[in-house]
Amino acid sequence: MSSTDLAEPPVDAPSSARTSPGPALAAAMLGFALITLDTSVVNVALPAIGADLRTGMSGLQWVVDAYTLAFAALLLSSGALADRVGASRAYGIGAVAFVLASAACGLAPGLPALLAARAVQGVAAAVMLPASLALVREAYGDPVRRARAVSLWAAGGTVAVAFGPVAGGALTTAWSWRGIFFVNLPLGLLALALLSRVARSRRRPAPLDLPGQLTAMAALGALTFAAIEGGTEAWWALGLAGVSFAAFLLVETRRRHPVVPLGLFQNRTVAVAVAAGSANSVAFYGMLFVFSLFFQQVLGLTALAAGLMFLPMTGLLAGVNILSARVAARYGARLPIVVGQAVAVAGLLGLLTVDAHTPQVAQALLLVPLALGAGFSLPPLIASMMEAVPAERAGTAAGLLNAVRQTAGALAIAVFGSLAAASVESALRTSLLISAALLALTTLLSLRLPGRRGR
């Protein structure tokens, strides 16, 4: 989204949207929940997808990453796109594409068709996300009411994360893995019905950095391909990733309106926030992926039982987010950021004790500290980054942080999945150690963040 969406209220916001904000908020919440749901609902269905489509571990990794990579890469530019065409139009276009792509996923006759549809889902999600928040931004002129509305919007995503594994497991067990995509159809149509009651957004000029966007996509795609596929082709992919990344840096230093202003990283808070946010994504999304495989392929649980194993972990996220905001308001952001990451590290190390003989209740409870730590540290981390940049760069910074976090999660699944192709149990331990090491490093880096009074 653009910087104006996070700054002062736009003077050209439609008056009808302001007098009747309910449909806009409901549509935005539902859209964000759908987007977030599809980042977590797929994991527990992967073994069933693999068996039905007769694909191995690399194919399953692409089922997750085809969505995540397209989503992450296009987040860099989708805010500007929403401004250029208008938030309501962008949301509508994204929602229609998301519904059609979900239907294509559910009807996919084979892996190539499924991966293509998943990529389109990711593109649609990237268009919808900033547009959904912009709808809320336009609908609420009063800053206090707007802040509450944004909190409700965020809660939609948190609930989706919490119940994604359970919903995915239930649909897969009771019906088919295809159900996890078909369920998006009525929800997406409901979002479009709500959108029809929202006043049309005005268009605003916003520059697009197509060369930067394209080179970023090439670099991310090639790097993920190398991590998933391996072999001789991986070296060619790594070479392409290196060339694309060099081209990206060159483009960004010469563009008047770059998609990623590299000067942002000169700010210590921004650099630490990006690093810590990435480490959080590696740990959280990487563990969802690996433990989904462990629960079903090693323990022999059904998809529903595997989804329920995550419920104690994900169900606490919303409450921890609220507690974190209160602690940050009283003691400053650095305390919950450091403490949260330290708790997550301890949780990851505790999970090293898990094996096939560990009681299932104990396994589910041992996952809780990871969620507690991640949920406690992330909100103040995001808030600190937003406060550290000028108001006119807030939208760009938000897009950058979300894109990097999604990319980190995609790369974690690529690497951890490649390890799991040989042995799920061995991959579990290696993945835990990698995640713990990254989070321990960013915990130390977070000690350098400003204190409560900016000292």
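What you see is a predicted model; the values in this text were computed from it and never measured.

> What exactly am I supposed to notice about the overall build of the protein chain here?
When you go through the protein chain residue by residue, the secondary structure sums to 20 helices and zero strands. Rg of the C-alpha trace for the protein chain: 21 Å, near the compact-globule value of 23 Å for 455 residues, within the 12% margin. By its C-alpha atoms, the protein chain is 60 × 50 × 45 Å across when sized along the principal axes. Nonlocal contacts in the protein chain, meaning residues at least 24 apart in sequence, comprise 84% of its contacts between residues at least 6 apart. Accessible surface, the protein chain as shown: approximately 18,300 Å² in total, 67% of it carbon and sulfur. Considering the protein chain, the positive charge centre built from 29 side chains and the negative charge centre built from 17 side chains are found 9 Å apart.

> What is the right way to read the confidence of the model for the protein chain from this model?
Regions with low pLDDT carry predicted coordinates that are not meant to be interpreted in detail. Of the residues in the protein chain, 93% reach a pLDDT of 70 or more, and the chain-wide mean stands at 87. Low pLDDT (under 50) marks residues 1-18, which in the prediction has 49 contacts with non-local residues, meaning those over four places away or in another chain.

> Looking at this model, I keep getting lost on a nonpolar patch on the surface. Mind explaining?
On the surface, a nonpolar cluster with roughly 460 Å² of combined accessible area is contributed by Leu316, Tyr331, Leu335, Val339, Val343 and Leu372. Sort the elements by how many residues they give to the nonpolar patch and helix H16 (residues 334-350) lands first, with three residues. Mapped onto the elements, Tyr331 comes out in helix H15 (residues 317-331). Exposure remark for Tyr331: the relative accessible area of 45% places this residue in the partly exposed category.

> Can you help me understand the pattern of salt bridges in this one?
Where charged atoms from two side chains of opposite charge approach closely, those side chains can pair. Throughout the structure, instances matching the rule amount to three salt bridges. Between Asp209 and Arg255 there is a salt bridge, and its shortest N-O distance comes to 3.1 Å. In this pair, Asp209 is assigned in the loop between helix H9 (184-195) and helix H10 (210-229) and Arg255 in the loop between helix H11 (231-254) and helix H12 (268-298), connecting sequence segments 46 residues apart. Accessibility expressed as a relative area gives 2% for Asp209, which makes it buried.

> What should I look at first to understand empty space enclosed by the protein in this one?
The method is simple in principle: a probe with the dimensions of a water molecule rolls over the atoms, and the space it marks as empty is what remains. Considering all chains together, one arrives at one cavity of 30 Å³ or more under this definition. In this structure, the largest cavity spans a volume of roughly 80 Å³. Residue lining of the largest cavity: Thr39, Asn43, Val64, Asp65, Thr68, Tyr285, Arg405, Gln406, Gly409, Ala410 and Ile413, and that is the complete set. Looking at the lining of the largest cavity, the elements that each hand over two or more residues are helix H4 (57-85) and helix H19 (394-420). When residues of the lining of the largest cavity are assigned to their parent elements, the largest contribution, five residues, is made by H19. Residue classes in the lining of the largest cavity are distributed as four nonpolar, five polar and two charged.

> Would you mind going over the environment of Leu288 with me for this structure?
One can find Leu288 in helix H12. Taking relative accessible area as the criterion, Leu288 reaches 2% and is therefore assigned buried. A C-alpha to C-alpha distance of 17 Å links Leu288 and Gly59, two positions 229 residues apart in sequence. Those residues in contact with Leu288, other than ones at most four positions away along the chain, are Asn43 and Phe310.

> Please clarify how H15 should be interpreted in this entry.
Residues that lie three or four places apart on an α-helix share one face, since the helix turns once every 3.6 residues. Here H15 is 15 residues long and its end C-alpha atoms lie 21 Å apart, about the 21 Å a rise of 1.5 Å per residue gives. Restricting attention to buried positions, one finds in H15 the residues Leu317, Val320, Ser324, Val327 and Ala328. Down the axis of H15, the buried set is contained in an arc of 100°. They therefore lie on one face. Structural note: H15 exposes Arg326, Ala329 and Arg330 on the side pointing more than 90 degrees away from its buried face. Residue Gly332 follows H15 closely and has a positive phi angle near 95°.

> Would you mind going over the packing of aromatic side chains with me for this structure?
For any pair of aromatic rings, the description consists of the separation of the ring centres together with the inter-plane angle of the planes. In total, this model carries 11 aromatic pairs according to the counting rule given. Measuring from ring centre to ring centre gives 5.9 Å for Tyr67 and Phe71, while their planes differ by 45°; the resulting arrangement is tilted. Of the two residues, Tyr67 and Phe71 both sit in helix H4, four residues apart, roughly one turn of that helix.

> Looking at this structure, how should I read the nonpolar core?
Generally speaking, nonpolar side chains in soluble globular proteins are found buried as a group. Residues Val42, Ile49, Leu114, Phe291 and Phe295 are the most contacted members of the largest nonpolar core, which totals 63 residues. Among the elements that make up this core, the one with the highest residue count is H12 (13 residues). Excluding its chain neighbours within four sequence positions, the residues that come into contact with Phe291 are Phe310, Leu351, Val354, Leu367, Leu428 and Leu432. By size, the runner-up hydrophobic cluster in this structure holds 58 residues, among which are Ala95, Val136, Val260 and Leu400.

Conventions used here
- Residues numbered from 1 in each chain as written.
- Predicted model: local features only at pLDDT ≥ 70, side-chain atom pairs only at ≥ 80, totals over all residues.
- Heavy atoms only, no water.
- Helix = DSSP H or I, 4+ residues; strand = E, 2+ residues; numbered from the N terminus.
- Rg over C-alpha atoms; globule rule 2.2 N^0.38 Å.
- Contact = heavy atoms within 4.5 Å.
- Areas by Shrake-Rupley, 256 points an atom, 1.4 Å probe, with all protein chains shown as cover.
- Lys, Arg positive; Asp, Glu negative; His and termini not counted.
- Charge placed at Lys NZ, Arg CZ, Asp CG, Glu CD.
- pLDDT = per-residue confidence, 0-100.
- Patch = residues over 30% accessible without salt bridge, like charges linked within 9 Å, V, L, I, M, F, W, Y side chains within 5 Å.
- Salt bridge = Lys/Arg side-chain N within 4 Å of Asp/Glu carboxyl O.
- Buried < 20%, exposed > 50% of the residue type's maximum accessible area, 1.4 Å probe, protein only.
- 1 Å grid on protein atoms, 1.4 Å probe; cavity = no way out; pocket = protein on both sides within 12 Å on 5 of 7 lines; lining within 4 Å.
- Points joined across faces, edges and corners; volume = space filled by probe spheres on them.
- Nonpolar A, V, L, I, M, F, W, Y, C, P; charged D, E, K, R; others polar.
- Expected span 1.5 Å × (residues − 1).
- Arc of directions from axis to C-beta.
- Phe/Tyr/Trp six-rings, centres within 6.5 Å; stacked < 30°, edge-to-face > 60°.
- Core = buried A, V, L, I, M, F, W, Y, C linked by side-chain atoms within 4.5 Å.

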